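Secondary and tertiary structure notes
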Amino acid sequence: MKKYLLLTIAVLTVLLCTSCMEELGTYNYMETNEIKIDSIKGQSITQYDTLCIVPTITQSKNVSEENLEYLWYWYKAGAGENAKIDTLGFDRNLKYYVAAGPGLYNARLKITDKETGLFARKEFDITVDAENSGLLILSDLDGNANLSLLNSSKIFSQNIYYAANGEYAGTHPIGIADIDNAATDLHMIVILCADGKGGVVTEPTSFVKISDYSSLFYVMPSPIAPEAYCAVATLYNTGMGITYDFIINNGKLHYRDFQYASYEPLFNPEVSGDYSLAPYAILNNNTLLFYDNKNYHFNILKCSYGQLKETKLDPVPLPEGTDTDALAFDPRNVGLELVYAAKGWKKMDNDAGYAYGIFRKPGTTDLANMYCLRFNIGYSMSMGGDYFTPYFQHTVSGATDLDKATAFAMSREDPYLYYAYKNKIYSYDLEFDKGKVIYDTDTVVGPGAKVDYLYFRPDNESFNMWAATSVEGSTERTGSIHVLGLGRNGDVIKVDTVYRNVCGKVVGMTFKNR
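Attention now goes to the sheet that holds strand β19 (residues 252-257). Strand pairing in a sheet takes place through backbone hydrogen bonds and is either antiparallel or parallel in direction. Across the sheet, 3 strands lie side by side as β17-β18-β19; this open sheet has antiparallel pairing. The open sheet has two edge strands, β17 (226-231) and β19, and neither has a second partner. Shown here is a sheet whose adjacent strand axes are inclined to one another by a mean of 15°, direction ignored.

Shown next, in the form of structure tokens:
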């Protein structure tokens, strides 16, 4: 019986193996579609440029690429497990606007066969270089503070603060400043807003927010109402950096002295006194000149050899025994409201030279009550070596629409004030009281465009001026930037470039050198 049982088991085993062999013989093997990615190497891209990559892709089975799907992504090198992965695109060929901060990024292209789920991946590195120089442009876009950059390669980048932070810098923007001091390695961008918060401070290359406006002060101003930023800047002429800078907030002056500081100082509480400063300053190393639009006279902060001597506003110095009635005007009792003031032409040694101011009689708005004043600010006026010198005060009669002007810019090369009203830009000869229309935006960008802002680079005298226009009454992206070449006679002799509909209504410009 046992012998029969063993025989039965042996027969069943043979039958079972035969069955398995027959079943295995019925399989049809499929060849795997192998995907290969070539031609992507490590590369560099400048911040705010567009990254374009066209990969070479081959498949072992398919000729068409309809079966493929694509994913481009990257993350900051060295971030480890906490790396934030950013998706760059889903198309075969990558076209990506680079708003990320400077640095090294580990990038990947993943290609998946939708039919099988198999994929290939290509790894490569991308270095994002900082855009070190260019014109920063602050505009009001639907009430928001919108920051743009026109770089030295003539690439216009929109929404750079929003791209870096996912939000706007504030509302109701009024101005922008590049605070750059090589001596202390202090560098930041300040965006000023009239929204009760004051704006923000950003990193100068990535434009990532560092802090709020209020953090610039030892004691937060009340109310928060920034009006202007100004600085004694010698950075790009001597390499020394800024010695002092100032914020005018609600008519009050806040100063900061960091020439010898080994830390990042903050702005001091407001300089005490009964005054209300116009949002302009004439600053020249040891001469710190401001104008009081409440009491209608010039004031200085006394300083010498890089240190403030007094922390209060003082009357400008005049030689002892000066007969003020014999002066072109009395700087201690001008009696006029300042409309606009800036350093002017005929630059002298140590950056001293002429300055001009456009004034009007308080309470008036017509051209007949407007005046042009020229004066010399001296190099060391507050040290007793120089004095305030009034040169002339003449009524303005040859400057059409100056009483209604909404934008101003002062040339350092020639005695011209440039100003704008509605669609026209004028040049005004400050010495001979003669003005003329030099540019009409209706002929360039079409009817309805209004000139909002005019700008010269203060650190590099040139014959180029930037003008900003927008459609009057619009809150949308109707702002255009005009790059104008000027002649020695005050005319526009060349329209270099017009960047159309790239921003909102421009309220501020500043040139960032690094």
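Before going further, it helps to examine unusual backbone geometry. The omega torsion of the bond from S222 to P223 falls at 0°, within 30 degrees of zero and hence cis. Within the secondary structure layout, P223 lies in the loop between β16 (209-212) and β17. Of note, the phi angle at D142 is positive, near 55°, even though the residue is not glycine. Along the chain, D142 falls in the loop between β10 (134-141) and β11 (144-151). A relative accessible area of 48% means that D142 is categorised as partly exposed.

A few words on the pairing of strand β4 (residues 56-59). Here β4 shows a clear split, with I57 and Q59 buried on one side and none of T56 and T58 buried on the other. Bridge count for strand β1 (residues 35-38) against β4 is 4 bridges, and the pairing is antiparallel. What sits directly across from D38, in β4, is T56.

Reading across the sheet, the 5 strands line up as β2-β9-β8-β5-β6 and stay open at both edges, with mixed pairing between neighbours. Each end of this open sheet is capped by a strand with a single partner; those strands are β2 (43-46) and β6 (86-89). On average, each strand axis in the sheet is inclined to that of its neighbour by 35°, with strand direction left out of account. Bridge count between β2 and strand β9 (residues 119-129): 4 bridges; the pairing is parallel. Bridging from a neighbouring strand, S44 pairs with T127 of β9.

This paragraph deals with the pattern of salt bridges. Here the structure, examined in full by the defined rule, presents 17 salt bridges. Among the salt bridges present, the one from D86 reaches K84, with a minimum N-O distance of 2.4 Å. D86 gets classed as partly exposed once you look at its relative accessible area, which sits at 25%. Note that K404 and D403 form a salt bridge whose closest N and O atoms lie 3.8 Å from each other. With a relative accessible area of 36%, K404 lands in the partly exposed category. The network of salt bridges with common partners includes R108, R121 and E123.

Positionally, N293 belongs in the loop between β21 (287-292) and β22 (297-304). At a separation of 2.8 Å, a polar atom in the side chain of N293 contacts the main-chain amide nitrogen of L338. Residues contacting N293, with those up to four places away along its chain left out, are S276, L277, A278, L336, E337 and L338.

Going through the model one piece at a time under the given rule, you end up with 25 aromatic pairs. Ring centres of F217 and F267 lie 5.8 Å apart, and the angle between their planes is 40°; on these two criteria the pair is classed as tilted. Taken together, the residues span a long stretch of sequence, with F217 in the loop between β16 and β17 and F267 in the loop between β19 and β20 (277-284) at a distance of 50 residues. Of the two residues, F217 and F267, both sit in the buried class.

Cut-offs applied
Once a new chain begins, its residue numbering starts again from 1 and follows that chain's sequence as written. It should be noted that, the model being predicted, local features are given only for residues of pLDDT at least 70 and side-chain atom pairs only at 80 or more, the latter also being counted only at that level, while totals for whole chains, interfaces and linings use all residues. The basis for every side-chain value is the complete set of non-hydrogen atoms in the structure, without hydrogens or water. The pairing criterion is simple: DSSP has to find at least two bridges between the two strands. A helix here means a DSSP run of H or I that spans at least four residues, while a strand means a run of E at least two residues long, and both kinds are numbered starting from the N terminus. To get an axis, a line is fitted to the C-alpha atoms, and for a helix only the part in contact is used. The angle between two axes follows their N-to-C directions and goes from 0 to 180 degrees. Using a 1.4 Å probe on the protein chains alone, a residue whose accessible area is under 20% of its type maximum counts as buried, one over 50% counts as exposed, and one in between counts as partly exposed. Basic side-chain nitrogens of Lys or Arg form a salt bridge, by our definition, when they fall within 4 Å of a carboxyl oxygen of Asp or Glu. Here a polar contact is recorded for every N or O atom pair within 3.5 Å, except that within protein the pair must consist of a potential hydrogen donor and a potential acceptor, and residues adjacent in sequence are included only if both atoms are side-chain atoms. The criterion used for residue contact is that any of the two residues' heavy atoms lie within 4.5 Å. Only rings of Phe, Tyr and Trp enter the pairing, Trp through its six-membered ring, and a pair is recorded when the two centres are within 6.5 Å. The plane angle decides the type: under 30 degrees is stacked, over 60 is edge-to-face, the rest tilted.

Interpretation note: all reported values are geometric properties and have no functional meaning in isolation.
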